Amino acid sequence: MGMTARVLAVDAGNSKTDVAVVAADGAVLATARGGGFRPPVTGVEAAVDAVAAAVERAFTACGVTSAEHVSACLANADFPVEEEQLAAALDARGWGASVEVRNDTFAILRAGVTEPRGVAVVCGAGINCVGMRPDGRTARFPALGRISGDWGGGWGLAEEALWHAARAEDGRGGPTALARTLPAHFGLTSMLALIEALHLETVAPARRHELTPVLFATAADGDPVARAIVDRLADEVVAMATVALTRLDLLEEETPVLLGGGVLAARHPQLDDGIRDLLAVRAPKAVPRVVTASPVLGAALLGLDKAGATAEAHARVRAHFER
């Protein structure tokens, strides 16, 4: 009969999955990485299979066969019904005596705070925001794109830049350097050529995300249209954070606001400064900072919270991932 760990932590995003096996004292017994977790594309069982491959490698590495608790922070767990469905699918694998599933944005939030209290805004391929208090209250958004009122994220920014650049070139919109910098990124000389390449997929659709850094570089060079898009993203980030703080009655208390995901972690000066300036006006007691720790740390800390682990155990697991 194999050993049992206290927590199996899972952070599963669209592009990769990280797992960690954690002992009761916070020692990290093993970690492993697996592929992306995309239930809407592959179906739930196939998505969980991708997690299973990483879990099995981690269990094998430390001689563990199960955990007391599975703390899973998963992409695409946007509604309670999805959390329940995914929790049932994980529970069926027999990895732990209990299972708790949260949206993966909670992992970034918990990784950035010393207690489960604060708000996190994540801007990667998409944009999302969550908040939590130690008493279990949470604030969140569906974060399903335009149908749930969202604007921003890497994909959204790229589309916005393309829209302005196309209209600048054909005369429907005002001038912008984006009409030159976006096609130039792919070695093309016009927006018409880029539009054709994207439509016919001679430039792969997945490469659109490469245009987001081009947008920021064009903004940094002073282009007014590109700068306006970046300013709008700063406004959106602060709008989400302020709503979450208000829902949790934290607007009048000093509260961390964590910024995560590739777009925010890149620390673009205009975006960074814009977020801080707007927060100073709308949520003066918010304390913004960028989270760079691995999100699986947040999943592990949430699992230790659930287990009632000591402060020393929390510190030990944090030290492992922040070294």
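Quick note: structure is the one above.
Residues numbered from 1 in each chain as written. Predicted model: local features only at pLDDT ≥ 70, side-chain atom pairs only at ≥ 80, totals over all residues. Heavy atoms only, no water.

Caption draft 1: Expanded view of the nonpolar core. Counting 53 residues, the largest nonpolar core has Leu178, Leu182, Leu233, Leu271 and Ile275 as its most contacted members. For this core, the element with the highest residue contribution is helix H9 (residues 224-247), accounting for 12 residues. The residues touching Leu271, leaving out its near neighbours within four places in the chain, are Phe216, Val230, Leu233, Ala234, Val263 and Leu264. Counting residues in hydrophobic clusters, the runner-up holds 31 residues, among them Val21, Phe37, Ala47 and Val64. (Core = buried A, V, L, I, M, F, W, Y, C linked by side-chain atoms within 4.5 Å. Buried < 20%, exposed > 50% of the residue type's maximum accessible area, 1.4 Å probe, protein only. Helix = DSSP H or I, 4+ residues; strand = E, 2+ residues; numbered from the N terminus. Contact = heavy atoms within 4.5 Å.)

Caption draft 2: Region of the structure containing helix H2 (residues 44-62). Helix length check: H2 (19 residues) gives 27 Å between terminal C-alpha atoms against 27 Å at 1.5 Å per residue, within 8%. Regarding H2, the residues found buried are Val44, Ala47, Val48, Val51, Ala52, Ala54, Val55, Ala58, Phe59 and Cys62. (Expected span 1.5 Å × (residues − 1).)

Caption draft 3: Structural context of the state of the cysteines. Enumeration over the complete set of coordinates arrives at 0 disulfides. You can see Cys123 has no disulfide; the closest cysteine sulfur is in Cys129, sitting 12 Å from it. On the accessibility criterion, Cys129 (0% relative accessible area) is buried. (Disulfide = S-S within 2.5 Å.)

Caption draft 4: Here's a closer look at the packing of aromatic side chains. Taken as a whole, this structure holds 0 aromatic pairs when the rule is applied. The aromatic ring of Phe141 is capped on one face by Arg247, whose charged end is 4.7 Å from the ring centroid. (Phe/Tyr/Trp six-rings, centres within 6.5 Å; stacked < 30°, edge-to-face > 60°. Lys NZ or Arg CZ within 6 Å of the ring centre and 35° of its normal.)

Caption draft 5: Summary view of the pattern of salt bridges. Scanning all chains against the criterion turns up 19 salt bridges. Here Asp305 makes a salt bridge to Arg110, at a shortest N to O gap of 2.8 Å. Highlighted residues: Asp305 in helix H12 (residues 295-307) and Arg110 in helix H4 (residues 105-111), separated in sequence by 195 residues. Taking the shortest distance from any N to any O, the salt bridge between Arg117 and Glu253 comes out at 2.9 Å. On the criterion of sequence distance, the pair formed by Arg117 in the loop between H4 and strand E6 (118-123) and Glu253 in the loop between H9 and strand E9 (255-260) is long-range, its members being 136 residues apart. One network of salt bridges, in which partners are shared, links Lys16, Asp18 and Arg33. (Salt bridge = Lys/Arg side-chain N within 4 Å of Asp/Glu carboxyl O.)

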